[in-house]
Amino acid sequence: MKKTLFIALSAISAACMYGAEPQTGSGETGSYRLVWQDLFDGPCLDSLAWNIEVTPRPANQELQYYTDRPCNVSVGDDGRGNGCLILTAKREDYKGRNFTSGRVNTRGKVNFKYGKIEASVLMPSTADGLWPAFWMMGDDISSVGWPRCGEIDIFEMGHHEGIANGTQGSYMNGAAHWGYYIDRQYPTTATFSNAPYSVHDGQYHLFTCIWTPEKASMYLDLDKYPDADPYYELVIDHNGTPDDRSADLYFRKPFHILFNLAVGGHFPGITDPDKISALNSSNDNTANYYINYVKVYQRDEDEGSLQTPK
């Protein structure tokens, strides 16, 4: 009873402190016009737009079991009056794994070629062992596989260098992967940097990818800082052949959106369940990743590539 009362009072306190967030994002800037969005204000996740992944043995040496249970993937209030997609990581014994969590995607339901793609998210503290991400993959993954489908990581947090440097709240990256495996390697680029402020501050932050035929550029909080420089850019060159490492063959086709909250793995550099400190007794061994909304804007020259639920 006391614990339930404390949680309820904490939710009221958070709602009073922060209030509901506007769902405007960076808006229809320049020639970009809103073509699709999910505000997550309904009673449940829209199954016409989203797939919930069930993955017992995820890649990258991750420790979680991705489930479709409501305790791992849900839509609801964040305690501040915001309707959100909520991905929840839990320390629990589940079908041979030590953790559970959530991962969703729009593959085969919502995809597009080029645009301004953004999401407003409230991240859990990643220290140490949580790995939240907002990213995209080529919608042809089921036919060509990975990495030939192409992958654009709009942001990831929780990297082992941030842990080593004590900068878990600001150390983040954008990245891209594509092409063929050659000698167990494939083309990849990434830029790791410290944000100018912590994004583990209990507030929502806007992450934006502006993707054109020439490049994909990632930005933090364009709604507050419209002149911000990108923290990562992928140059999409024009001289590709099926046998080389250029990006142009892999990033000029429809992509879909993904959100996930991983636990452990090679990115945090933690594969021992006992060393995951981010899920502990103080947070009831549970952490939430809140996505307030996701939006896709396109220019006139990009229109026609968007696929949405009928």
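Summarised in this report is the structure supplied together with it. (Residues numbered from 1 in each chain as written. Predicted model: local features only at pLDDT ≥ 70, side-chain atom pairs only at ≥ 80, totals over all residues. Heavy atoms only, no water.)

### Overview of the overall build of the protein chain
Move 1: In terms of regular secondary structure, the protein chain is built from three helices and 17 strands.
Move 2: A globule of 310 residues ought to have a C-alpha radius of gyration of about 19 Å, and the protein chain, at 19 Å, matches this closely.
Move 3: For the protein chain, the spread of C-alpha atoms along the three principal axes comes to 65 × 45 × 40 Å.
Move 4: Burial status across the protein chain gives 51% buried among its 310 residues.
Move 5: Of the contacts made within the protein chain by residues no fewer than 6 positions apart, 71% connect residues no fewer than 24 positions apart.
Move 6: Here the protein chain has roughly 13800 Å² of accessible surface; of this, 51% comes from carbon and sulfur atoms.
Move 7: Here the protein chain contributes 26 positive and 39 negative side-chain charges, whose respective centroids are spaced 6 Å apart. (Helix = DSSP H or I, 4+ residues; strand = E, 2+ residues; numbered from the N terminus. Rg over C-alpha atoms; globule rule 2.2 N^0.38 Å. Buried < 20%, exposed > 50% of the residue type's maximum accessible area, 1.4 Å probe, protein only. Contact = heavy atoms within 4.5 Å. Areas by Shrake-Rupley, 256 points an atom, 1.4 Å probe, with all protein chains shown as cover. Lys, Arg positive; Asp, Glu negative; His and termini not counted. Charge placed at Lys NZ, Arg CZ, Asp CG, Glu CD.)

### Thoughts on the nonpolar core
Move 1: Formed by 59 residues in total, the largest nonpolar core has its most connected members in Trp 211, Phe 251 and Phe 259.
Move 2: Beyond its immediate chain neighbours, meaning those up to four positions away, Phe 251 contacts Tyr 114, Gly 150, Glu 151, Ile 152, Ala 176, His 177, Trp 178, Trp 211, Leu 234 and Ile 236.
Move 3: The next biggest cluster of nonpolar side chains, apart from the first, holds six residues, and it includes Ala 133, Trp 135, Cys 149 and Leu 258. (Core = buried A, V, L, I, M, F, W, Y, C linked by side-chain atoms within 4.5 Å.)

### Quick look at the side chain of Lys 116
Move 1: If you trace the backbone, Lys 116 turns up in strand S8 (residues 115-122).
Move 2: Of the side chains with opposite charge, Glu 118 comes closest to the buried, unpaired Lys 116, at an N-O distance of 4.7 Å.
Move 3: Setting aside its immediate chain neighbours within four residues, Lys 116 contacts Ser 26, Gly 27, Thr 29, Tyr 32, Thr 208, Cys 209, Ile 210, Lys 295, Val 296 and Tyr 297. (Salt bridge = Lys/Arg side-chain N within 4 Å of Asp/Glu carboxyl O.)

### Side note on the pairing of strand S11 (residues 171-177)
Move 1: For S11, the buried fraction is high: seven of the seven residues fall into the buried class.
Move 2: Neither face of S11 is left uncovered, since the one carrying Tyr 171, Asn 173, Ala 175 and His 177 and the one carrying Met 172, Gly 174 and Ala 176 both have all their residues buried.
Move 3: Across five bridges, strand S10 (residues 151-157) lies against S11 in antiparallel orientation. By the bridge assignment, Met 157 is partnered in S11 with Met 172. (Pairing = 2+ DSSP bridges.)

Shape descriptors only; they carry no functional weight alone.
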